[in-house]
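Residue-level structure breakdown
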Amino acid sequence: MPETEKKTTVADHQGIEPYQPEEGEEYMNPEQEEHFRRILRAWRQELMEEVDRTVHHMQDEAANFPDPNDRASQESEFTMELRTRDRERKLLKKIDEALNAIDEGEYGFCEACGVEIGIRRLEARPTATLCIDCKTLDEIRERQRG
C-alpha cells in the first residue's frame with residue numbers, strides 16, 4: 001500500500017510501532033500481549049488527559065453571561081464536550097476490559113466464535129472483541145433490526 005494510503009491505527013497515534021510477528025510465532029504470546037498492553041495503557045492515558053483538559057476548560061470558561069445567546073452558546077459547547085467525554089468514559093471501560101482480558105489470557109480471541117481476531121485488526125481497534133466475520137454479521141443483524 002503506498003504511504004499516502006496507509007491507514008492510521010490507535011498504535012500510530014500513540015507512537016507505537018506496529019507489531020512485526022516472526023514466522024511461526026505463537027498468537028498472543030507474551031511479546032504480543034505486552035505490545036497491546038502498551039497500546040491500551042497509552043490510549044487510556046491520552047483519554048484521561050483529555051478529561052482533565054475538559055474539566056479545566058469548563059472551570060476556566062464558566063461564566064454567567066448576561067446575554068442569553070452567549071449563555072446558550074456556552075451551554076451548547078459544554079453539552080457537546082460532556083457528550084464527547086461520556087463516549088470516552090465508555091471507551092475507557094472497554095480499554096480496562098481489554099487490559100483485564102490480557103491479564104486473563106483471553107485477549108485477541110473472538111467472543112462469539114473463538115477464532116483469532118488478528119494482530120492488524122487489534123492494532124486498528126485494540127478493544128475489538130469480535131473477529132471481522134462475526135462483527136460483520138453483527139452489523140448486518142443490527143441494520144435489519146433498525
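Note that the coordinates shown come from a computational prediction; the quantities given were computed from them, not determined experimentally.

1. Remarks on the overall build of the protein chain
- Helix and strand counts for the protein chain come out as five helices and zero strands.
- A buried classification covers 32% of the 146 residues belonging to the protein chain.
- Put simply, of all contacts in the protein chain between residues at least 6 apart along the chain, 55% involve residues at least 24 apart.
- When the accessible surface of the protein chain is summed, it comes to about 10,300 Å², and 48% of that surface belongs to carbon and sulfur atoms.

2. Here we look at helix 3 (residues 68-103)
- The end-to-end C-alpha distance of helix 3, which contains 36 residues, comes to 52 Å, matching closely the 52 Å that a straight helix rising 1.5 Å per residue would cover.
- Every buried residue of helix 3 is accounted for by Gln74, Phe78, Glu81, Arg85, Glu88, Leu91, Leu92, Ile95, Ala98, Leu99, Ala101 and Ile102.
- Two residues or fewer after helix 3 comes Gly105, characterised by a positive phi angle close to 75°.

3. Brief notes about the UniProt feature "binding site: Zn(2+)" (unreviewed entry) in the protein chain
- Residues given the UniProt feature "binding site: Zn(2+)" (unreviewed entry) here are Cys110, Cys113, Cys131 and Cys134. Spanning 25 residues, the named residues nonetheless gather at one spot, since no C-alpha pair among them exceeds 8.1 Å.
- With respect to the helices, strands and loops of the structure, Cys110 is situated in the loop between helix 3 and helix 4 (119-124).
- With residues near it in sequence (within four places) discarded, Cys110 still touches Val115, Ile117, Thr129, Leu130, Cys131 and Cys134.
- Among residues more than four places away in sequence, those in contact with Cys113 are Cys131 and Cys134.

4. Thoughts on the UniProt feature "zinc finger region: dksA C4-type" (unreviewed entry) in the protein chain
- The sites that carry the UniProt feature "zinc finger region: dksA C4-type" (unreviewed entry) are, in the present numbering, residues 110-134.
- End-to-end, the C-alpha atoms of residues 110-134 are 8 Å apart, and along that stretch the chain is 36% helix and 0% strand.

5. Concerning the packing of aromatic side chains
- With the rule as written, the count across this model stands at two aromatic pairs.
- Centroid distance Tyr27 to Phe109: 5.2 Å. Interplanar angle 85°. Geometry classified as edge-to-face. With Tyr27 in the loop between helix 1 (10-14) and helix 2 (30-61) and Phe109 in the loop between helix 3 and helix 4, the pair connects residues that are 82 residues apart, well separated along the chain.
- What makes Tyr27 buried here is its relative accessible area of 12%.
- Taking relative accessible area as the criterion, Phe109 reaches 31% and is therefore assigned partly exposed.
- For the pair Phe36 and Tyr107, a centre-to-centre distance of 5.5 Å together with 50° between the ring planes defines the contact as tilted. Placement of Phe36 in helix 2 and of Tyr107 in the loop between helix 3 and helix 4 is noted, with a sequence separation of 71 residues between them.
- The exposure class of Phe36 is buried, given its relative accessible area of 0%.
- Using a relative accessible area of 4% as the deciding quantity, one classes Tyr107 as buried.

6. Comments concerning the side chain of Arg37
- Mapped onto the elements, Arg37 comes out in helix 2.
- By relative accessible area, Arg37 is classed as buried at 14%.
- Apart from the residues within four sequence positions on either side, Arg37 is in contact with Leu99, Ile102 and Asp103.

7. Notes on the pattern of salt bridges
- This model, assessed by the stated rule, comprises 11 salt bridges.
- Between Glu88 and Arg85 there is a salt bridge, with the nearest N and O atoms lying 2.6 Å from each other. Taken together, the residues span about one helical turn, with Glu88 and Arg85 both in helix 3 at a distance of three residues.
- Given a relative accessible area of 14%, Glu88 falls into the buried group.
- Residues joined in a network through salt bridges with shared partners are Glu50, Arg53, Arg85 and Glu88.

Rules and cut-offs
Residues numbered from 1 in each chain as written. Predicted model: local features only at pLDDT ≥ 70, side-chain atom pairs only at ≥ 80, totals over all residues. Heavy atoms only, no water. Helix = DSSP H or I, 4+ residues; strand = E, 2+ residues; numbered from the N terminus. Buried < 20%, exposed > 50% of the residue type's maximum accessible area, 1.4 Å probe, protein only. Contact = heavy atoms within 4.5 Å. Areas by Shrake-Rupley, 256 points an atom, 1.4 Å probe, with all protein chains shown as cover. Expected span 1.5 Å × (residues − 1). UniProt positions renumbered as here; feature names shortened; annotations may be inferred. Phe/Tyr/Trp six-rings, centres within 6.5 Å; stacked < 30°, edge-to-face > 60°. Salt bridge = Lys/Arg side-chain N within 4 Å of Asp/Glu carboxyl O.

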